[in-house]
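# Residue-level structural notes
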Amino acid sequence: MSPVTKWLGTALQGLRTFAYGADGPRPKVGVALGGGFARGIAHIGVLRVLEENDIPVDFIAGTSVGALVAAAYASGTTLDAMAEQGSATRFRDFGRWTLSRMGMASNAPLDDFLHRFTTANNFSQMKIPLSIVATDLISGQSVHFTQGEISPALRASCAYPGLFLPVQHHGFLTEQVPAPAVRELGAGLVISVHLEPGLLDSKPRNTIEVISRSFSIIQTVANQPWRGLTDVLIEPDVHHVLWDEFVKTPQLIAAGADACYGALPKIKHLLARAGERLLRARLSRSTPEEL
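With 68 residues, the main nonpolar core has Leu-47, Leu-50, Ile-60, Leu-130, Ile-132 and Ile-191 as its most contacted residues. Looking at this core, the element that brings in the most residues is helix H10 (residues 249-284), giving 10 residues. Excluding residues within four positions of it along the chain, Leu-130 makes contact with Ile-60, Ala-70, Ala-71, Ala-74, Phe-123, Phe-145, Thr-146 and Leu-185. In terms of nonpolar packing, the next biggest core, distinct from the first, is built from 11 residues, Ala-32, Ala-61, Val-133 and Trp-226 among them.

Turning next to the pairing of strand S1 (residues 29-33). When you tally the buried positions in S1, you get five out of five residues, the bulk of the element. A two-sided burial pattern is seen for S1, the buried positions comprising Val-29, Val-31 and Leu-33 on one face and Gly-30 and Ala-32 on the other. Where S1 meets strand S8 (residues 189-193), five bridges bridge the pair, whose relative direction is parallel. Among the inter-strand pairings, Val-31 is bridged to a residue of S8, identified as Ile-191. In terms of strand pairing, S1 meets strand S2 (residues 59-63) through four bridges, oriented parallel. Note that in S2 the partner of Val-31 across the bridge is Ile-60. For the handedness criterion, the β-α-β arrangement of S1, helix H2 (residues 42-52) and S2 is classed as right-handed.

Positioned with a positive phi, Phe-37 is a non-glycine residue whose angle comes to about 50°. Take Phe-37: it is sitting in the loop between S1 and H2. Taking relative accessible area as the criterion, Phe-37 reaches 12% and is therefore assigned buried. Look at Ser-64: it is not a glycine, yet its phi comes out positive at around 55°. With respect to the helices and strands, the residue Ser-64 is situated in the loop between S2 and helix H3 (65-75). Given a relative accessible area of 8%, Ser-64 falls into the buried group.

Definitions and cut-offs
- Residue numbers run consecutively from 1 along every chain, following the written order of its sequence.
- Two thresholds apply to this predicted model, a pLDDT of at least 70 for residue-level local features and 80 or more for giving and counting side-chain atom pairs, whereas whole-chain, interface and lining totals are computed over all residues.
- The basis for every side-chain value is the complete set of heavy atoms in the structure, and neither hydrogens nor water enter the calculation.
- Note on terminology: a nonpolar core comprises buried Ala, Val, Leu, Ile, Met, Phe, Trp, Tyr and Cys residues joined through side-chain atoms within 4.5 Å.
- For the exposure calls, accessible area comes from a 1.4 Å probe over protein chains only, and a residue counts as buried if that area is under 20% of its type's maximum, exposed if over 50%, partly exposed in between.
- Numbering goes from the N terminus for both helices and strands, where a helix is a DSSP run of H or I of at least four residues and a strand is a run of E of at least two.
- In this analysis, two residues are considered to be in contact whenever any of their non-hydrogen atoms come within 4.5 Å of each other.
- Two strands qualify as a pair provided DSSP detects at least 2 bridges between them.
- With its strands directed away from the observer, a crossover is right-handed exactly when the path from the first strand over the helix to the second travels clockwise.

Function cannot be inferred from these measures alone, as they are strictly geometric.
Given below as structure tokens:
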């Protein structure tokens, strides 16, 4: 067998190996989880479907509740444990009412809440590279936390403007879905999970909902650069769930799973297409003797 024939045979086998699911070259996958209070429980359903279908998560980033889910997942917490905690969550678990000119509540309880999922304290202890996103209220720029202690970054990301006291930085203002953050970590394929805002066809029940809907309206009409950095957009049908309806955990997880199932064909197609490009590039740099 000539060297060229052998090289072509190896190349063909490489393409077949990738096509049939064995380990092969592929882009690094980043998952960006958006904010949404209780609606963020839908992220669990999305991650579960990715796991069940062997879609790798090489990087993960989160904003607000997405940051909490991302931190728990990156630390190695099981999705079942996260789902169990979701059903039991109440406002007192992550917030404490207070009187202040800067907000109506403190999210200091988040320090203890995070440790219900993991004993990890530092980004260096994460099993998956993690980025937590917040906004600098002075510069108006996004801040991507990737090192140091997790709790201060999480509290900053979850500091919903007008509700929670700011913690040096504030919540989701610049990146409702942190696609830029996972790109920055090194993702070649970005899966973004965007959670629709709460009910917009009924009157708000309280000040919190007035604030929430105001931001939702602003973000609906504003430019959203994160969309341009997203390869696959997943939008669970959770618009009917109110910000504090943690009791709807089973429905939220199901909604996340359903939305992810709908996106699976595109995810697999993009992984395969990008993997073939990487394989061809690798082969083009190789000689028959190297193969």
